[in-house]
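Listed below, chain by chain, are the residues.
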Amino acid sequence: MNTLPPDPDPVPITPPTASQRVIAAFERLTEAGRPELWTTLRAVEDVLVDAKAVDERVKAGEVLPLAGTVIAVQDLIDVAAQPSGHGVPETSAAVVTRLTAAGAVVLGKTGAALISGAWDRTKAGGNGAAVAVALGVVDLALSTGGAVPAALNAVVAVKPTRGLLPAADNVSVYANGLVAAHRALTLLTGGDRSWPADVRLGAGEHPRIAYPADLPLGEAASLALGSVVARLTAAGAVLTPVSVSEQGFDGFDALLVPTVPEHPGIAEALADPAGVGHRLASCTAFANLLDVASVTVPVLPGDRRPFGVTFLTRAFEDQIALDLATVCTDEPMTPYPEPGEDVVVFGAHLRGQPLNADLTALGARFTGPVRTTEGYRMVLLDTEPPQPGVLDGDTGLDGESWRLSPAAFERFAAALKPPFVLERVELADGTTPLAVRCDPDAEGPGLERYESWRGYVRFASTAGLRDPG
């Protein structure tokens, strides 16, 4: 039979240089025709000088995570040599410096005044930073505007725990995607507040989430909230409706709230800015009084008007809010840069297995499946519940990687009973994390036929627990 040759592997797309991205930003800016976004727009020649400097650093071999990224900065945040509300500062705020050091280029400064939205100019859009991101003029923006402008323009807003950013407790990061916001947040993190040793990094496979049941919402906002509740429930979360007066974290891992109750017209908002602003902030204003982390993601119901929901978690549990938000955006999420230790498990601590609750109770976060190099084997130990012992051998094994805070890691290690020990294993990707193994003298029936504990469990579920022979 004649067959066509296989398609060639796709040629990877080369990301734009910083200079190319700047040129594209100015072209998009002209196309959008929104001069009211800016209080100060830098000359294209000046921005290109910065961009070419970034390109030269990349050519010299420097690794710049934000090379090719253009950012906007709200007027209240200092940018060196750019007019601000209190003059022309000589230096940039630390949050700006950290992004530019990583390769970002500042396009200009945006205003805090109320303007029309990115998607419908008859609607309110909040501040210029959110609109600039939504229109694709910039990739990221730093703003003090919080969640509401993000929801009105269908962009992501991340506001970390107070003190995690340098001298910038009220700064949010706006982006068109959660991964981009997370990347910027990772580079910005490092303030005057230290991570607790026992910080929770995960909420398990069935996080408990409270959401308000009696907020006065418009039809689209109600639809947006309902769609997210349904999606989280399908993903395994336990959603509980509560009264607005009862909103709190007691018994819950996170709070879910609609970011805005409605999307007012720009004419109404300009005619009564205080009244409309109060209504728009009614869903999230209470969080300003709490020490929390928040992540706002867009939700576009059937009528395509931009709305959003906000996940709130306890201070320092930013990772949990980020992970929950990925259910709405379908984006992968990597660990936030809090201190911790990765541990690989192979047996009863796997997800869905009897001892997995020991990990989730410690606030451990599942970081992904892993596979070892071909240097190990399993034996069936006489334990309750049944568990494998991992010894040296000639087989590659499948397992899972979990990340624990320093205090949680100490408790997990102390709870391991003989013959289990923590020793390093070599993974297929070349890393050598700690893993739950067993004493080399441990004995039991060999499981050489199996490359994973789940494979043996499937066998045992049909054949019964016995010597696998």
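Attention in this report is confined to the structure presented alongside it.

Core analysis: the biggest nonpolar cluster contains 65 residues, and Leu142, Leu178, Leu256, Val297 and Phe311 have the highest contact counts within it. The greatest single-element share of this core, amounting to 7 residues, is contributed by helix H7 (residues 219–234). When residues no more than four places from it in sequence are discounted, the contact partners of Val297 are Val156, Leu178, Phe307, Gly308, Val309, Phe311, Ala325, Cys328 and Thr329. The next biggest cluster of nonpolar side chains, apart from the first, holds 37 residues, and it includes Leu362, Leu404, Leu434 and Ala460.

Bringing the packing of helix H1 (residues 18–32) against helix H2 (residues 44–59) into the picture now. Direction vectors running N to C along H1 and H2 enclose 155 degrees, while the axes themselves pass 7 Å from each other. Comparing their axes, H2 and H1 come out roughly antiparallel. Residues Ala18, Ser19, Val22, Ile23 and Phe26 of H1 lie in contact with H2, whose contacting residues are Val44, Val47, Leu48, Ala51, Lys52, Val54 and Asp55.

Enumeration according to the criterion identifies 7 aromatic pairs in this entry. These aromatic residues form a ring-pair network of at least three members: Tyr450, Trp453, Tyr456 and Phe459. The lysine or arginine in question, Arg449, covers the ring of Phe459, its NZ or CZ lying 5.7 Å from the ring centre.

Here strand S20 (residues 434–438) lies mainly inside the structure; 5 of its 5 residues are buried. Of the strand pairs in this sheet, strand S14 (residues 341–345) and S20 are connected by 2 bridges, and their pairing is parallel. In the strand pairing of S20, Val344 is matched with Ala435. When strand S19 (residues 420–424) meets S20, the two strands line up antiparallel, connected through 5 bridges.

Should their charged atoms come close, side chains of opposite charge can pair. Applying the stated criterion to the full structure yields 25 salt bridges. The partner of Arg34 in a salt bridge is Glu36, and the shortest N-O contact between them spans 2.4 Å. Residue class for Glu36 comes out partly exposed when judged on its relative accessible area of 34%. Note that Arg314 and Glu317 form a salt bridge whose closest N and O atoms lie 3.9 Å from each other. If you follow the salt bridges from partner to partner, you end up with Arg200, Arg208, Asp253, Arg314 and Glu317 in one network.

With that out of the way, let us pick up the side chain of Gln319. Residue position: Gln319 is located in helix H10 (residues 318–329). Residues within four places of Gln319 in sequence aside, it is in contact with Leu201, Met333, Thr334, Pro335, Tyr336, Glu338 and Arg365.

Right, let's talk about the sheet that holds S14 for a bit. With respect to topology, 5 strands assemble into an open sheet ordered S15-S18-S14-S20-S19, the strand pairing being mixed. The open sheet is flanked by strand S15 (365–371) and S19, the only strands paired with a single partner. Across this sheet, the average inter-strand angle for adjacent strands is 35 degrees, counted without regard to direction. Contacting S14, strand S18 (398–404), S19 and S20, helix H12 (residues 406–415) runs over the sheet at an angle of about 130 degrees to S18.

Sheet strands pair via backbone hydrogen bonds, and the direction of the pair is either parallel or antiparallel. Read from one edge to the other, the open sheet built from 11 strands follows the order S1-S3-S2-S6-S8-S7-S12-S13-S11-S9-S10, with strand pairing classed as mixed. The sheet is open, and its two borders are formed by strand S1 (38–41) and strand S10 (238–242), each paired with just one other strand. Geometrically, the sheet is characterised by an average inter-axis angle of 25 degrees between neighbouring strands, direction not taken into account. With 3 bridges joining them, strand S2 (residues 70–74) and strand S6 (residues 140–143) adopt parallel strand pairing. Counterpart to Val73 in the pairing with S6 is Leu142. Here helix H3 (residues 94–101) sits on the sheet and contacts S2, strand S3 (105–110) and S6; the angle it forms with S6, its principal contact strand, is near 165 degrees.

This part covers H2. The end-to-end C-alpha distance of H2 is 22 Å, a good match for the 22 Å that 16 residues give at a rise of 1.5 Å each. Within H2, the full set of buried residues consists of Val47, Leu48, Ala51, Val54 and Asp55. Angularly, the buried residues of H2 cover 115 degrees about the axis, an arc narrow enough to put them on a single face. Seen from the buried face of H2, the exposed residues on the opposite side, beyond 90 degrees, are Glu45, Val49 and Lys52. Residues of H2 that are buried in the fold lie against H1 and S3. A positive phi of about 100 degrees marks Gly61, the residue just after H2.

As a further point, take the environment of Ala81. Its place among the elements puts Ala81 in the loop between S2 and H3. According to the relative accessible area criterion, Ala81 is exposed, its value standing at 52%. Residues Ala81 and Glu31 lie 50 residues apart in sequence; the distance between their C-alpha atoms is 27 Å. In contact with Ala81, not counting residues within four places along its chain, are Val88 and Pro89.

Here the focus is unusual backbone geometry. A cis amide bond links Glu384 to the next residue, Pro385, at an omega of 0 degrees. Turning to its location among the elements, Pro385 is positioned in the loop between strand S16 (376–381) and strand S17 (387–392). Cis geometry marks the peptide bond from Pro418 to Pro419; its omega dihedral reads 10 degrees. Mapped onto the fold, Pro419 is located in the loop between H12 and S19. A positive phi angle is found at Ala81, which is not glycine, with a value near 70 degrees. Of note, the phi angle at Phe316 is positive, near 75 degrees, even though the residue is not glycine. Structurally, Phe316 is set in the loop between strand S13 (307–314) and H10.

Basis of the calculations
Residues numbered from 1 in each chain as written. Predicted model: local features only at pLDDT ≥ 70, side-chain atom pairs only at ≥ 80, totals over all residues. Heavy atoms only, no water. Core = buried A, V, L, I, M, F, W, Y, C linked by side-chain atoms within 4.5 Å. Buried < 20%, exposed > 50% of the residue type's maximum accessible area, 1.4 Å probe, protein only. Helix = DSSP H or I, 4+ residues; strand = E, 2+ residues; numbered from the N terminus. Contact = heavy atoms within 4.5 Å. Axes fitted to C-alpha atoms, helices over the stretch in contact; angles between N-to-C directions. Parallel < 35°, antiparallel > 145°, perpendicular 65-115°, else oblique. Phe/Tyr/Trp six-rings, centres within 6.5 Å; stacked < 30°, edge-to-face > 60°. Lys NZ or Arg CZ within 6 Å of the ring centre and 35° of its normal. Pairing = 2+ DSSP bridges. Salt bridge = Lys/Arg side-chain N within 4 Å of Asp/Glu carboxyl O. Expected span 1.5 Å × (residues − 1). Arc of directions from axis to C-beta.

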